Amino acid sequence: MKQSMRFTNAAWGLLFISPWIIGFAWFQFYPLLLSLYYSFTDYSIVKATHFIGLQNYVTMFKEDKDFFPSLRVTLLYTLMAVPLKLAFALFIAIILNSKGRFINVYRTMYYLPSILGGSVAISILWRFLFMREGIVNQLLSFLHIPSVDWLGSPNVALWTISFLVVWQFGSSMVLFLAGLKQIPADLYEAGMVDGASRLKMFVSITVPLLTPIILFNLVMQTIGALQEFTAAFVVTNGGPMKSTYLIGMKIYDDAFKLLHMGYASALSWVLFAIILILTLIIFRSSRSWVHYEDGGK
């Protein structure tokens, strides 16, 4: 009887989640497997598809002059954008972790960029802000500071699109804020009794207790940065001199401009492998710097 009830409950459970299972299988898992197959073909939509084995991967590593530069730019962009975003999110979270009038309104206002920031419209606005005669340079001129070629200089353009991603700090900020709320107040009181400064308490109390959230944010933001496309495509179009030509743009160009769908699939799987390796490295390193309340690692 009990076994029959368990079977019935399991069947009902599967029935209720079947829409999600069907959607996941059809719209995510099936395309994933199909792209893996296409990565071993010369699929291009306009002509017959032929299986070519590892030729796409050989071409990628031996003949494609844009692959390694775009990969280097993507990794550099990730190293620039992710730490800045997390640091800024934590800074704002500490400011908003206080009691005061309209504090919830301020928290909502600071979260809004994360809702709007990834859109094409905001990216276009960002381009107009940082163009040669944009508002940012006009403000610098008003302050008698030399203007900067934000979008036209190879040494500055990558920083410009990084700032757009840093501006979308809301999701990380909310997680940091939730973590700050969980830190016992008596730890700070004990630190004040011992004569510890605010900086000392931040380093010795706040940061160690936030390391699990830092780990989560680090992983998620790294994965997102390695897949970035919109900012580079809309704001700089990969320029100048391909200094912002991220690998996401290269995949797009090969797939939809050159119609090398099979080759773009191979690029996507290499990017997936890089993301997987970096994620594993972060998790592996977390054993030495992530601390949990129960003392575990």
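Up top is the structure these notes are about.
Remember, predicted model here, so these are calculated numbers, not experimental data.

(A) Spotlight on the packing of helix 3 (residues 67–96) against helix 7 (residues 157–166). In the contact formed by helix 3 and helix 7, the axes pass within 9 Å of each other and the chain directions differ by 40°. In terms of orientation, helix 3 lies oblique with respect to helix 7. Note that helix 3 runs across helix 7; the crossing there is right-handed. Each of Val73, Leu76, Tyr77, Met80, Ala81, Leu84, Lys85 and Phe88 in helix 3 lies in contact with helix 7, whose residues at this interface are Leu158, Trp159, Ile161, Ser162, Phe163, Val165 and Val166.

(B) Structural context of helix 12 (residues 247–257). Of all 11 residues making up helix 12, eight are buried, and the element is well covered by its neighbours. Those residues of helix 12 not exposed but buried are Ile247, Gly248, Met249, Lys250, Ile251, Asp253, Asp254 and Ala255. Looking at the buried positions of helix 12, the neighbouring elements they touch are helix 3, helix 10 (198–226), helix 11 (230–236) and helix 13 (261–285). Taken from the residues just after helix 12, Leu259 is the one with a positive phi, measuring 60°.

(C) Quick look at the packing of aromatic side chains. Enumeration according to the criterion identifies 21 aromatic pairs in this entry. Ring plane angle 45° and centroid distance 5.7 Å describe the contact between Phe40 and Tyr57, whose orientation is recorded as tilted. In this pair, Phe40 is assigned in the loop between helix 1 (2–38) and helix 2 (55–62) and Tyr57 in helix 2, connecting sequence segments 17 residues apart. We classify Tyr57 as buried; its relative accessible area is 16%. Here a set of aromatic residues connected by ring pairs shows up, and it is made of Trp126, Phe130, Trp150 and Trp167. Sitting over the ring of Tyr245, Lys242 keeps its end group 5.0 Å from the ring centre.

Thresholds applied
Residues numbered from 1 in each chain as written. Predicted model: local features only at pLDDT ≥ 70, side-chain atom pairs only at ≥ 80, totals over all residues. Heavy atoms only, no water. Axes fitted to C-alpha atoms, helices over the stretch in contact; angles between N-to-C directions. Helix = DSSP H or I, 4+ residues; strand = E, 2+ residues; numbered from the N terminus. Parallel < 35°, antiparallel > 145°, perpendicular 65-115°, else oblique. Left-handed = near helix turned anticlockwise from the far one by under 90°. Contact = heavy atoms within 4.5 Å. Buried < 20%, exposed > 50% of the residue type's maximum accessible area, 1.4 Å probe, protein only. Phe/Tyr/Trp six-rings, centres within 6.5 Å; stacked < 30°, edge-to-face > 60°. Lys NZ or Arg CZ within 6 Å of the ring centre and 35° of its normal.

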